[in-house]
Each structure stands twice: as structure tokens, then as C-alpha cells.
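# Residue-level structural notes
The lines below spell out each chain.
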Amino acid sequence: MAELNLILVGPPGAGKGTQAERITEDFNLPYIATGNILRAAVAEGTELGLKAKGFMDAGGLVPDDVIIGVILDRLQAEDAAEGFLLDGFPRTVPQAEALGADLSSLGRQLTAVLLIDVSDDEVIRRLSGRRVSAKTGRVYHVEFDPPKNEGVCDVDGSRLIQRDDDKPETIKNRLAVYHEQTEPLVDFYSNLGLLRRFDGSRPPAEVHDRIRAQIAALRVEGSL
Ligand code: ADP
Ligand code: ADP
């Protein structure tokens with residue numbers, strides 16, 4: 001079976017985490033989300049967390065030299081040997097270049113980059129209503145995807161919180177950072193023939209169906 005080395009790209013709030021939860025189950029891939037890794041490091045007060053916290057609180061990016069080594073190491077773990085789903089990395093062109101160089105030195109290559117596209121207005125609606133379980137990481141929306149019981153996670157009853165960076169002022173900054181530093185990856189991967197675009201404004205189940213069908217097709221192509 002060919003490797004499935006996949007990247008999710010899109011503005012904050014596009015639905016990357018929501019889709020990742022479904023896709024990793026469909027294809028049994030390890031889910032490597034840099035935001036989750038960084039938030040855990042901040043909560044534990046590790047050296048990485050201490051370096052990252054200020055940038056994250058302001059809605060900016062953690063510097064490339066802080067994040068690149070952490071993610072490339074994670075990709076070497078045994079569970080990622082047959083494939084992975086990366087969410088939130090790369091987020092800059094230098095990160096994409098470092099990832100490409102690292103994979104090719106290991107004789108591996110990316111299978112595809114899945115872009116989930118939504119407008120800035122939709123991002124603002126989604127992030128302002130986003131609630132997450134600090135314990136399970138499960139994502140909800142007060143209006144679009146509410147939990148069965150208000151304020152608590154369906155999975156284990158843990159309390160739902162609003163992320164500090166989902167406050168209005170920080171959301172605007174994150175969007176600006178996305179357009180300036182991450183959106184250039186769309187052309188970067190398009191030029192490499194790796195980009196697949198999905199309309200993220202559709203309901204979650206529909207976005208999921210399309211992404212799943214695309215990955216299934218890529219897997220068949222890879223094994224021919
Ligand atoms: P990202 O990981 O890209 O930041 P999330 O998956 O956390 O995005 O989704 C952001 C918010 O939008 C969450 O509150 C989620 O419940 C909601 N959401 C995700 N996908 C959709 C969708 N297709 N339609 C409406 N709301 C969505
Ligand atoms: P979102 O749900 O908005 O897509 P994430 O959870 O992926 O956000 O990321 C939260 C924060 O973590 C970012 O605003 C940024 O400060 C930091 N971060 C995550 N991934 C990276 C990365 N690849 N490079 C630099 N900073 C990152």
C-alpha cells in the first residue's frame with residue numbers, strides 16, 4: 001500500500017480539525033496538529049511552551065526555527081512511517097521547504113495538500129463560536145455544531161472552553177497572518193501539482209465526503 005502523506009491547509013477556523021478527526025478515522029492515519037502540540041507544551045510549561053506562548057497569545061506565528069525541528073522529529077516516529085495527516089504545518093514557505101527537503105532525504109514524498117477554503121467573514125463567525133474540550137481536543141460550535149449538553153464534551157463530559165486566541169481582536173490578527181504568511185503556500189503547492197481545493201463553506205458532512213473521495217482516489221493512484 002502506498003504511503004498517504006497528507007497536509008491540511010486553510011485559514012484559521014476553516015474546519016481543518018473538524019475534518020481531520022473524520023479523515024484520520026477513515027484512513028487510520030496519525031493526526032499531527034501543531035496547534036495541539038504547542039498548546040500542550042504551553043500547558044505543561046516545557047521549554048517549547050515557554051518559547052511559543054507569547055506568539056500564540058498575540059495570534060502571530062511561532063518562529064520557524066522553534067517549530068520546524070519539533071515537527072520533523074514527530075514525523076520520524078514509528079506511527080507516521082506509513083503516512084500522516086499534518087494540520088497547521090507548514091504555515092510558511094520556509095517550513096514547506098524544510099519539510100520537502102526532510103522527506104526527500106528519507107526517500108519519501110508528499111501525496112497531496114488539501115486546501116479547505118472559506119471566506120474571512122465565515123472565519124470570524126466560526127472562530128467566535130468555537131468551543132473546545134481542553135481534555136479531548138474535540139471541537140464544537142455554539143450554533144453550527146453544539147454539544148448534546150451545553151458547555152460539556154459529548155465524549156467524556158469534560159468542560160468546554162473558548163481558546164484565548166479565539167477572541168475578536170486576535171482573530172483579526174490571525175487572519176492577517178494567514179493571508180500574509182500561509183496563503184503563499186497555495187501557489188507553492190499548486191506549482192508542485194500537489195494542491196487539492198475544497199469548498200469549506202459547505203456543511204461538515206459534505207466537506208468530509210469530498211475529501212474522503214479524493215483521498216481514496218489518491219490511494220488507488222498510488223498503488224497502481
Ligand atoms: P480549524 O482547525 O481549521 O481552525 P475547526 O475545525 O476548529 O477549524 O472549526 C472552527 C469552528 O467552525 C468550530 O467551532 C467548528 O465546530 C466549526 N465548523 C467546522 N466546520 C464547519 C462547517 N463546515 N460548517 C460550519 N461550521 C463548521
Ligand atoms: P487554527 O485552529 O487557528 O488553525 P492552530 O491551532 O493550528 O490554529 O494554531 C494556533 C497557534 O499556534 C497559531 O496561531 C500559531 O501561533 C501557533 N502555530 C501553530 N502551528 C504553527 C506553525 N506551523 N508555525 C508557527 N506557529 C504555529
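Quick caveat: nothing in here was measured; it's all calculated off a predicted structure. Note that residues are indexed from 1 along each chain, following the sequence as it is written. Whichever chain is written first is A, and whichever ligand is written first is 1; the rest continue in order. Totals for whole chains, interfaces and linings use every residue, but because this is a predicted model, local features are given only for residues with pLDDT of at least 70 and side-chain atom pairs only at 80 or more, for both listing and counting. The side-chain values count all of the structure's non-hydrogen atoms but skip hydrogen atoms and water molecules.

## Some thoughts on the pairing of strand 1 (residues 4-9)
For clarity, the threshold we go by: Each residue gets one of three labels from its accessible area relative to the maximum for its type: buried under 20%, exposed over 50%, partly exposed in between, using a 1.4 Å probe on protein chains only. Numbering goes from the N terminus for both helices and strands, where a helix is a DSSP run of H or I of at least four residues and a strand is a run of E of at least two. Only when DSSP finds a minimum of two bridges between them are two strands counted as paired.
Among the six residues in strand 1, six count as buried, and that is most of the element. By the alternation rule, side chains of strand 1 split into Leu4, Leu6 and Leu8 and Asn5, Ile7 and Val9, which are all buried. Alignment of strand 1 against strand 3 (residues 83-87), held across five bridges, turns out to be parallel. Counted as the bridge partner of Asn5 is Phe84 from strand 3.

## Topic: the sheet that holds strand 5 (residues 130-133)
Formally: For this analysis, residues touch if any pair of their heavy atoms sits within 4.5 Å. Angles run from 0 to 180 degrees between N-to-C directions of axes, and those axes are lines fitted to C-alpha atoms, restricted for helices to the stretch in contact.
Sheet architecture is open: three strands sit in the order 6-5-7, paired in antiparallel fashion. Edge positions in the open sheet fall to strand 6 (139-141) and strand 7 (160-161), since each of these has one partner strand only. Across three bridges, the pairing between strand 5 and strand 6 is antiparallel. Residue pairing in the sheet places Arg131 in a bridge with Tyr140 of strand 6. Strands in contact with helix 6 (residues 120-129) are strand 5 and strand 6; relative to strand 5, the strand with the most contacts, it is inclined by about 40°.

## As for unusual backbone geometry
The omega angle of the peptide bond from Phe89 to Pro90 is 0°, so this bond is cis rather than trans. Looking at the element boundaries, Pro90 is found in the loop between strand 3 and helix 5 (93-105). At Asn28, a residue that is not glycine, the phi angle is positive and equals roughly 55°. Considering the arrangement of structural elements, one finds Asn28 in the loop between helix 1 (16-27) and strand 2 (31-33).

## Focus on the site of ligand 1
To keep it simple, the criterion reads: Note on definitions. A residue lies near a molecule or strand when any single heavy atom of the residue is within 4 Å of it. Counted as a polar contact is a pair of N or O atoms within 3.5 Å, where, for protein atoms, one must be capable of donating a hydrogen and the other of accepting one, and residues adjacent in sequence contribute only when both atoms are in side chains. In short, Shrake-Rupley with a 1.4 Å probe defines the accessible areas, and a residue's cover is counted only from the protein chains shown. In this classification, the charged set is Asp, Glu, Lys and Arg, the nonpolar set is Ala, Val, Leu, Ile, Met, Phe, Trp, Tyr, Cys and Pro, and all remaining amino acids, among them Gly, are polar.
Surveying the vicinity of ligand 1 reveals 19 residues, the closest of which are Gly13, Lys16, Thr18, Arg130 and Tyr140. Within the backbone of Ala14, an N or O atom sits 3.2 Å from an oxygen atom of ligand 1. Here an oxygen atom of ligand 1 sits 2.6 Å away from a polar atom, N or O, in the side chain of Thr18. Protein chains shield 93% of the accessible area of ligand 1, which is 560 Å² for the free molecule. Of all the elements in the fold, those that place two or more residues in the shell around ligand 1 are helix 1 and strand 6. Residue composition of the shell around ligand 1, grouped by class: eight nonpolar, six polar and five charged.

## Some details on the nonpolar core
In a soluble, globular protein the nonpolar side chains are often hidden away together inside. To keep it simple, the criterion reads: For our purposes a nonpolar core is just a set of buried Ala, Val, Leu, Ile, Met, Phe, Trp, Tyr and Cys residues, chained together by side-chain atoms within 4.5 Å.
With 31 residues, the main nonpolar core has Ile7, Phe84, Leu86, Leu99, Leu110, Val113 and Tyr189 as its most contacted residues. Looking at this core, the element that brings in the most residues is helix 4 (residues 64-75), giving six residues. Excluding anything up to four places from it in sequence, Tyr189 contacts Ile7, Pro90, Ala96, Leu99, Leu110, Val113, Leu194 and Leu195. Ala20, Ile23, Leu175 and Leu218 belong to the second largest nonpolar core, which has 22 residues in total.

## Things to note about the site of ligand 2
Around ligand 2, a shell composed of 19 residues is seen, among which Thr34, Arg39, Gly60, Gly88 and Arg174 lie nearest. Here an oxygen atom of ligand 2 and a backbone polar atom of Gly60 are 2.5 Å apart. For ligand 2, whose unbound accessible area comes to 550 Å², protein coverage reaches 95%. Ranked by residue count, the leading element in the shell around ligand 2 is helix 2 (residues 34-44), at four residues. For the shell around ligand 2, the class distribution of residues is seven nonpolar, five polar and seven charged.

## Thoughts on the pairing of strand 4 (residues 112-117)
Counting buried residues along strand 4, five of its six residues qualify, which places the element largely inside the surrounding structure. Across four bridges, the pairing between strand 1 and strand 4 is parallel. Paired with Ile7 across the strands is Val113, a residue of strand 4.

## A closer look at helix 6
The set of residues buried in helix 6 consists of Glu122, Val123, Arg126, Leu127 and Gly129. Buried-residue contacts for helix 6 involve strand 5, strand 6 and helix 7 (168-182).

## Some details on helix 7
Count 3.6 residues to each turn of an α-helix, and residues three or four apart come out pointing the same way. Here is the rule: What a helix should span is 1.5 Å times the count of its residues minus one.
Here helix 7 contains 15 residues, and its C-alpha end-to-end distance of 20 Å stays within 8% of the 21 Å for a straight helix at 1.5 Å per residue. Elements in contact with the buried residues of helix 7: strand 1, helix 3 (47-57), strand 4, helix 6, strand 5 and helix 8 (184-191).

In short, shape yes, function no, at least from these values alone.
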